[in-house]
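Residue-level structure breakdown
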Amino acid sequence: MIIRKSKREIDIMSKANSIVAETHEFLSEKIEPGISTYDLDKLAEEFIENKGGKPSFKGYRGYPASVCLSINDEVVHGIPSKTRVLEKGMILSVDIGVYYKGFHGDAARTFPVGKISQEAKSLIEVTRKALDKGIENAIIGNRLTDISNAVQIHVENAGCSVVRDYVGHGIGTDMHEDPQIPNFGPAGRGPRLKEGMTLAIEPMVNIGHYNVKTKDDGWTVVTEDGSLSAHWEDSIAITKEGPKILSRL
Ligand code: MF3
Ligand code: CO
């Protein structure tokens with residue numbers, strides 16, 4: 001069942017997501033060669049708590065940290081660690097969830113660490129743009145998979161592949177609500193999009209094949225072929241005026 005939110009509820013979600021966006025901005029300034037993902041996680045946790053929020057991911061199904069930090073071929077759910085130290089040329093996907101006044105916000109960005117390859121730069125750009133294409137289709141009257149298809153078309157036209165095993169989701173009082181939002185598949189399927197739906201759209205894009213696997217830590221998802229992967233996510237609300245992006249400043 002898809003839970004639609006009132007204007008008042010969307011206002012609270014907007015606040016939760018603005019803490020997410022501020023945390024992204026704050027953390028992005030700390031990303032440089034030599035810092036560990038452990039340190040970034042601690043900085044994020046402190047920042048979120050100072051804003052009156054709680055990190056949504058901490059303790060979720062036993063997740064041991066506050067944010068997810070995924071390097072290079074890590075797709076999502078990378079666990080921060082003192083031994084994971086950033087080096088120039090890496091790409092870092094930062095996924096942040098914040099719980100605030102009963103609602104969740106959720107957004108991800110992929111950042112370069114120092115100077116990166118042209119290939120890595122275009123992967124990041126393709127993924128960011130694919131998210132925008134998905135969001136553009138989150139309008140009243142469209143069907144759910146119009147979002148999915150728009151993402152897939154953009155990614156595949158650019159010669160990259162879109163991860164199948166993980167999907168976007170509805171978001172609200174629960175971090176994961178209905179519907180699931182795949183980043184691939186034919187358009188024109190699934191429920192019609194309606195005012196008040198709140199969705200986290202999150203393409204995960206690989207340079208190589210879309211197959212992924214989970215490492216022995218039980219969390220870190222990596223590309224099967226070792227190719228680079230990027231992740232962009234925003235939480236949005238569907239309104240009469242079009243998609244309202246809640247997780248951008
Ligand atoms: N943004 C991710 C999601 O939508 C975050 C989940 S990480 C977890 O599912 F640790 F909380 F599982
Ligand atoms: Co999400």
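It should be emphasised that the depicted structure is a prediction, and the values quoted were computed from it without experimental measurement.

**Side note on helix α2 (residues 37-50)**
For α2, which comprises 14 residues, the first-to-last C-alpha distance of 20 Å matches the rise-based estimate of 20 Å (1.5 Å per residue) to within 8%. Turning to α2, its buried residues are T37, L40, D41, A44, E45, F47 and I48. The arc enclosing the buried residues of α2, seen along the axis, measures out at 165 degrees, which places them on a common side. Each element contacted by the buried residues of α2 is listed here: α1 (7-28), β1 (54-55), β2 (68-71) and β4 (91-100).

**Remarks on the UniProt feature "binding site: a divalent metal cation 2" (unreviewed entry) in the protein**
UniProt feature "binding site: a divalent metal cation 2" (unreviewed entry): in the numbering of this structure it lies at D106, H169, E202 and E233. Spanning 128 residues, the named residues nonetheless gather at one spot, since no C-alpha pair among them exceeds 10.5 Å. With respect to the secondary-structure elements, H169 resides in strand β7 (residues 168-170). Residue classification places H169 among the buried residues on the basis of a relative accessible area of 5%. Not counting the four nearest positions on each side in its chain, H169 is found in contact with D106, M175, H176, E177, P179, I181, L199, A200, E202 and E233. The topology assignment puts E202 in the loop between β9 (198-201) and β10 (204-206). In this view, E202 contacts D95, D106, V167, G168, H169, N183, H231, W232 and E233; residues no more than four positions away in its chain are not counted.

**Digging into unusual backbone geometry**
With an omega of 0 degrees, the peptide bond between D178 and P179 qualifies as cis. Phi angles above zero are rare outside glycine, and H77 is one such case at about 65 degrees. The topology assignment puts H77 in the loop between β3 (74-76) and β4. Given a relative accessible area of 23%, H77 falls into the partly exposed group. Non-glycine residue K101 carries a positive phi angle of around 45 degrees. Tracing the backbone through its elements, the reader meets K101 in the loop between β4 and β5 (103-112). A residue is classified by how much of its surface remains accessible, and K101, at 61% relative accessible area, is exposed.

What counts, and where the lines are drawn
Every chain's residues receive numbers from 1 upward, in the order its sequence appears when written. Whichever chain is written first becomes A and whichever ligand is written first becomes 1, with later ones labelled in order. Since the coordinates come from a predicted model, pLDDT governs what is reported: local features require at least 70, and pairs of side-chain atoms require 80 or more to be given and counted, while whole-chain, interface and lining totals use all residues. To get the side-chain values, all heavy atoms of the structure are used, and hydrogens and water are removed first. Here a strand is any run of E in DSSP of at least two residues, a helix any run of H or I of at least four, and the numbering for each starts at the N terminus. Here a helix's expected span is defined as the number of its residues, less one, multiplied by 1.5 Å. In this scheme, a residue with accessible area under 20% of its type's maximum is buried, one over 50% is exposed, and one in between is partly exposed, where area comes from a 1.4 Å probe on protein chains only. Each C-beta atom gives one direction from the helix axis, and the arc is the one those directions make. Pairs of residues are marked as contacts when any of their non-hydrogen atoms sit within 4.5 Å. UniProt positions are given in the numbering used here, feature names are shortened, and annotations may be inferred rather than shown by experiment.

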